[in-house]
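# A closer look at the structure
Okay, here's what each chain looks like letter by letter:
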Amino acid sequence: MIWNLIIELLGGLGLFLYGMTLMASGMQKAAGERLRKILEFLTTKPIMAVLTGAITTMLVQSSSTTTVMLVGFVNAGLMTLAQAVGTIFGANIGTTITAQIVSFEIFHLVYPAIAIGMLLNFFGNRRRYKYIGQAILGFGILFLGMNIMSGSMEPLRQNKFFIDLLVSFGRTPLLGVLIGVVFTGIIQ
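First things first, this report covers the structure right here in the doc.

Cut-offs used in this document
Every chain's residues receive numbers from 1 upward, in the order its sequence appears when written. Per-residue local features are limited, in this predicted model, to residues with pLDDT of at least 70; the limit for side-chain atom pairs, both in listing and counting, is 80 or more; totals at the level of whole chains, interfaces and linings are taken over all residues. Excluded from the side-chain calculation are hydrogens and water; included are all heavy atoms of the structure. Under the DSSP-based scheme used, a helix requires at least four consecutive residues in state H or I and a strand at least two consecutive residues in state E, with every element numbered from the N terminus. When accessible area is computed with a 1.4 Å probe and restricted to protein chains, residues below 20% of their type maximum are described as buried, those above 50% as exposed, and intermediate ones as partly exposed. Contact criterion: two residues are considered in contact whenever any of their non-hydrogen atoms come within 4.5 Å of each other. Note on areas: Shrake-Rupley with a 1.4 Å probe; residue coverage comes only from the protein chains shown. Here a polar contact is taken to be a pair of N or O atoms separated by no more than 3.5 Å, where protein atoms must pair a possible hydrogen donor with a possible acceptor and residues adjacent in sequence count only if both atoms sit in side chains. The residues that make up patches have over 30% relative accessible area and no salt bridge, and they are joined within 9 Å when like-charged or within 5 Å when they are Val, Leu, Ile, Met, Phe, Trp or Tyr. Within this document, salt bridges are pairs made up of a side-chain nitrogen of Lys or Arg and a carboxyl oxygen of Asp or Glu, the two lying within 4 Å of each other. Only C-alpha atoms enter the line fits that serve as axes; for helices the fit covers just the stretch in contact. Angles between N-to-C directions range over 0 to 180 degrees. Working rule for angles: under 35 degrees goes down as roughly parallel, over 145 as roughly antiparallel, 65 to 115 as roughly perpendicular, anything else as oblique. What makes a crossing left-handed is the near helix being turned counterclockwise from the far one by less than a right angle; a clockwise turn instead makes it right-handed. When residues are sorted by character, Ala, Val, Leu, Ile, Met, Phe, Trp, Tyr, Cys and Pro go into the nonpolar class, Asp, Glu, Lys and Arg into the charged class, and all the rest, Gly among them, into the polar class.

### Details of the overall build of the protein chain
A count of helical and extended segments in the protein chain gives eight helices and zero strands. Listed by position from the N terminus, the elements making up the protein chain come as α-α-α-α-α-α-α-α. By residue count, 35% of the 188 residues in the protein chain fall in the buried class. Within the protein chain, residue pairs in contact and separated by at least 24 positions form 73% of the contacts whose partners lie at least 6 positions apart. Of the roughly 11,400 Å² that the protein chain leaves accessible, carbon and sulfur atoms contribute 72%.

### Description of the side chain of Thr43
Structurally, the position occupied by Thr43 is in helix α1 (residues 2-43). A relative accessible area of 3% places Thr43 in the buried class. Polar contacts involving the side chain of Thr43 include one to the side chain of Gln83, which spans 3.2 Å. Residues within four places of Thr43 in sequence aside, it is in contact with Ala49, Thr52, Met79, Gln83 and Thr87.

### Overview of a nonpolar patch on the surface
Together, Ile47, Met48, Leu51 and Ile55 make up a nonpolar patch on the protein surface, roughly 360 Å² of accessible area in all. Judged by relative accessible area, Ile47 falls into the exposed class, the value being 59%.

### Examining the pattern of salt bridges
Across all of its chains, the model carries one salt bridge by this definition. Of the charged contacts in the structure, one is a salt bridge between Asp164 and Lys160, with a shortest N-O distance of 3.3 Å. Of this pair, Asp164 and Lys160 both sit in helix α7 (residues 160-171), four residues apart, which is roughly one turn of that helix. Using a relative accessible area of 58% as the deciding quantity, one classes Lys160 as exposed.

### Considering the packing of helix α5 (residues 110-123) against helix α6 (residues 127-153)
Between α5 and α6, whose axes approach to 7 Å, the crossing angle comes to 155°. With respect to α6, the axis of α5 lies roughly antiparallel. Once α5 is placed against α6, the crossing between them reads as left-handed. Counted together, Val110, Tyr111, Ala113, Ile114, Ile116, Gly117, Met118, Leu120, Asn121 and Phe122 of α5 and Tyr129, Lys130, Ile132, Gly133, Gln134, Ile136, Leu137, Phe139, Gly140, Ile141, Phe143 and Leu144 of α6 form the full contact between these two elements. Each residue belonging to the contact of α5 with α6 can be placed in one class, and the counts come to 16 nonpolar, five polar and one charged.

Nothing here speaks to function; it is geometry throughout.
Okay, structure coming up:
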C-alpha cells in the first residue's frame, strides 16, 4: 500500500511538473515578442505587476506554475527581474484565491484540455496553433498530475498514524513550518 502511494504521488508530481514546463514553454513560443510587450505593459508599475501575478495564478491555479513561467520569462529575456518580483508577490496573493477555485472541482476539464491540446499540437497547420496546443496540453497534464497526487493521498485520510502525525505538527508549529519549508523546497 505504501509503495503504491509513493509511486502514484511521484508519478503525479512528475506529470504536474512536466505539465508546468510544457504549458510555460507553449505560452512563451505562442506569444513570443508580443508576450514580452504585453508583460512589459502589465508589469512596469509594481501594483500592475502584483495584479498580473494574482490573476495569472488564479487562471493557472498554481503560484508554482506562475513562478516557473516567470523564471522562464526572465531567463528568456522576456521580463526583467524587477518585473518578475512584483508579479511573484501577486502570485502569492493569488494562491489564496486559487484555493477557492480548486474547490470548484474543475478536474472534469482535464481530459478535454488534453484532447484539445493534443489535436492542436499535433495537427495544427500553423506554428502558433501548435504552440497554443502545447500550452493547453500542458495545462491538462498539470491538472491530471494534481488529480493523481490528490487521489494517491486519499488513503491517508483514514490512516490513524498520519492523522496523529498532523495533530503533533499542530502542537509544535515550528516543526510544521519546517516540514512545510522542506516539502515546498522539494516541489520548487
